[in-house]
Amino acid sequence: MQGEAMVMMLLAACICHSWSYKVPNVRVKLLEDGFRVAIPDETGVKSVAFNVNRNRNFTSFAQGEFSMQVRSPKDGLWMHDFLHNELRAHDTLYIWTSVQHERAIFRDISEPKQVCQLSGSSILEGCSFSVGKPLPATDQTAETATTPVTTSTTTTLAPCEPSLTEVSPVRSTSICKGQLIFEEHFEQLNESRWLHEVRAPLDTNDAEFVLYDGKASIQHGNLVIKPRLWSDYRPDLKVSSASLDLAERCSGTHNRQKECVLHTSGPIIMPPVVVPRLSTKESFAFKYGRIEIRAKLPKGDWLMPLLLLEPLMEWYGQTGYESGQLRIAFARGNTQLRQPHGKILDGRILYGGAVLSTEAAQREDFMVNQRRNEHYGNEFHVYGLEWSSEHLQFTVNGQPYGELLSGFVESDINPRWRRGGPMAPFDRLFYITLGISVGGFGDFVDNLRTASYAKPWTNKHPQARLHFWQEQNKWLPTWEHPELLVDYVRVYAI
Amino acid sequence: MFRTTTLLLVLGLGLGLAGAAFGGQYSTKDCPRIKLKRQWGGKPATGLDYQVRPIRYVVVHHTVTSDCSGFVECAEILQNMQSYHQNQLNYHDICYNFLIGNDGVVYEGTGWGVTGSHTYGYNANGTGIAFIGNYVEKLPPQAALDAAKSLLACGVKQGELSEDYHLLAASQVSDTKSPGLTLYNEIQEWPHWLSNP
């Protein structure tokens, strides 16, 4: 008996010993002509492999854009120099490391690394911070209203009050409180600023019934995002039996199998609606600030405007809403929509808030709202969100209607938020997204009724999309104004 | 005099380049020419499972495709094979660690230290080497056999293969005719061949 226990203990000790290794954090250093990845050597480490992606997260242990196995340590380090590639100031590196320790393999995906925060980043243009330096007068177009008039004899600059706001790409001049840091009037469509997404929604619990594809247009100084039916998008492919590989055009980065390749099978049909979705993912992101969007929301059953801030680096996780999403504003497209006990959920109610869960029943847990007598989509309104390290304040036409204080961490939806600050997950860079979604499982709870019919699908039902499509004669006639019109987007530093 | 120096210089340069391109960080002495995956137009792996080094088993296969003895011809076969393995069979990559053309050129598959999907039970601790072609009735040319032997010797030297690694034919451990009866007879004469796996 005692002998057995002894053996057990010995065994446990062995296991503990061989499993005690933990892959250390990868250190990255910028070089003139590339970058160096390294981890410290430890006894028992036999070989190390690094896989690195630039601006593309890993969703599995896939081969990286940069990939190398290192067979021996040098000066106490397992390292490799990836040369002949120049990183840019706003790039992010995603890295996973595999280590053979004795006869076991250990793998670890490290936190994303912003190039400007790496050691040696001073050599990169666009990374240098110059805190407290007043802005040159030329860069103050946005400040004309508040800048004192300069006289011919003295040049007085507006005092620059340091701002909480951070932007990506990092600017060479410091940002002042109140400064306009992003402005888009949609006189024309700047496609290097607005990336058009081409992908199917990830097959998560709240997947909407659309394919994101097609270009938005500009009409009378407004951005026009207009949904269309599959039959209009690809008349050559039947919605009920077809397959489509978005291939090179696909912009999905999470799961290319699900986001880029569509096929029907039995009751699974193609997305019945196709709609443009634009984002500033590759051109502009910010942390803390005030955003204002003047827009006319879509009207029509089961339409949902997307005026979003989405996480740039998905620091706290990449599935569901682990890294959070902010909805600057939405009102459902339905003119009338009620729950059985009479609660109104239609376009007469404006919402703003945070999405942290894929469940429709929890969608409004972190939302504020305001109710009016008419549909918000009847006219243009200015929808605003002030996002600081202490609160989220939502406004419509300049009037605040609700505030969310920090406290997302306490909800314990994602334990990783505890690693961040009190405002986590909303203490990272977010970018702007504009679009429309249709149906889905996250934005419409079950048992809803419009004025004349019941919600045509049950959430999470495998045939939900089919049922929605089959009731087209009910919802399509209600799409009197299915477009989202956006007059401008402005972001101010706070 | 002048001409000899130039020749030497060119030679030196060539060797240096070859070392950099094929060997990466290890010494390339005693190693055959290896065309890397990116050189033959291969796609990145959709998943990488690194192996515990050194590797204990080498499993020999044939590809049951047409054979090839030129870069362009072989590359086309490899590209098609990788596409089939990745897209139809849902493997992470082309299934073998290395492939050998009839001209004696070694083509990198998943390469050293990365798990392939060639032989059930021998993927994690084995290196799968395939001769491009069908070797039921004939042997691969001497150049190809020599390339395989030198790849194995090189693997041992570089610490990729265990010094006492075991060599197997796929047909010994799984329900397959690979690498073909004639080639199976040949490898039974090689050092490290294991008669009773």
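In what follows, the structure referred to is the one given above.
Below: a short report on this structure. The model shown is predicted, which means the values in this text are computed figures rather than measured ones. (Residues numbered from 1 in each chain as written. Chains lettered and ligands numbered in written order. Predicted model: local features only at pLDDT ≥ 70, side-chain atom pairs only at ≥ 80, totals over all residues. Heavy atoms only, no water.)

The next subject is the overall build of chain A. Secondary structure summary: chain A contains five helices and 30 strands in total. Here chain A, with 494 residues, has 54% of them falling under the buried criterion. Once local pairs closer than 6 in sequence are excluded, the contacts in chain A between residues at least 24 apart make up 69%. When the accessible surface of chain A is totalled, it reaches about 22,800 Å², and 50% of it is carbon and sulfur. (Helix = DSSP H or I, 4+ residues; strand = E, 2+ residues; numbered from the N terminus. Buried < 20%, exposed > 50% of the residue type's maximum accessible area, 1.4 Å probe, protein only. Contact = heavy atoms within 4.5 Å. Areas by Shrake-Rupley, 256 points an atom, 1.4 Å probe, with all protein chains shown as cover.)

Residues and elements named next belong to chain A. The mixed open sheet is built from three strands, whose spatial order is β12-β18-β15. The open sheet has two free edges, formed respectively by β12 (210–212) and β15 (228–229), since each of these has just one partner strand. Sheet analysis places β15 next to strand β18 (residues 273–275), joined by two bridges and oriented antiparallel. By the bridge assignment for β18, R228 is matched with V274. (Pairing = 2+ DSSP bridges.)

Glancing now at unusual backbone geometry. Following S168 of chain A, the chain continues into P169 of chain A via a peptide bond in cis, with omega recorded as -5°. Residue placement: P169 of chain A occurs in the loop between β9 (166–168) and β10 (180–184). A cis amide bond, omega -5°, links R53 of chain B with the succeeding residue P54 of chain B. In this fold, P54 of chain B is placed in the loop between β1 (34–35) and β2 (55–62).

Residues and elements named next belong to chain B. Relative to the helices and strands, N123 resides in the loop between β4 (106–108) and β5 (126–131). The spacing of N123 and N97 is 26 residues in sequence and 9.6 Å in space, taken between C-alpha atoms. With near-sequence residues (within four places) excluded, N123 lies in contact with Q51, T115, G116, S117 and H118. Within polar-contact distance, the side chain of N123 engages the backbone nitrogen of H118 at 2.8 Å. (Polar contact = N/O pair within 3.5 Å; in protein donor to acceptor, adjacent residues only side chain to side chain.)

The next subject is helix α3 (residues 142–157) of chain B. Three or four residues apart is the spacing at which side chains of an α-helix point the same way, because the helix has 3.6 residues per turn. Between the first and last C-alpha of α3 of chain B there are 22 Å, a value that for 16 residues agrees with the 22 Å anticipated at 1.5 Å per step. Burial in α3 of chain B covers these residues: A144, L145, A147, A148, L151, L152, C154 and G155 of chain B. (Expected span 1.5 Å × (residues − 1).)

The next subject is the environment of E364 of chain A. Residue and element names in this part refer to chain A. By the element assignment, E364 lies in the loop between β24 (349–355) and β25 (367–371). C-alpha separation for the pair E364 and Y351, spaced 13 residues apart in sequence, amounts to 8.5 Å. Apart from the residues lying within four places of it in its own chain, the contact partners of E364 are R332, K343, L345 and Y351. There is a polar contact of 3.2 Å between the side chain of E364 and the side chain of R332.

Turning next to the interface of chain A and chain B. Taken together, the contact pairs 20 residues of chain A with 18 residues of chain B. Counting each side, the surface lost to burial between chain A and chain B is near 1,400 Å², with a carbon and sulfur contribution of 43%. Considering only the surface of chain A that becomes buried against chain B, Q63, R71 and R103 of chain A emerge as the three largest contributors, covering 42% of it. Linking chain A with chain B are two salt bridges. Salt-bridge contacts for R71 of chain A lead to E160 of chain B; the nearest nitrogen and oxygen are separated by 2.9 Å. (Buried area = accessible area lost by both parts, 1.4 Å probe. Salt bridge = Lys/Arg side-chain N within 4 Å of Asp/Glu carboxyl O.)

All quantities given are derived from atomic positions and should not be read as evidence of function.
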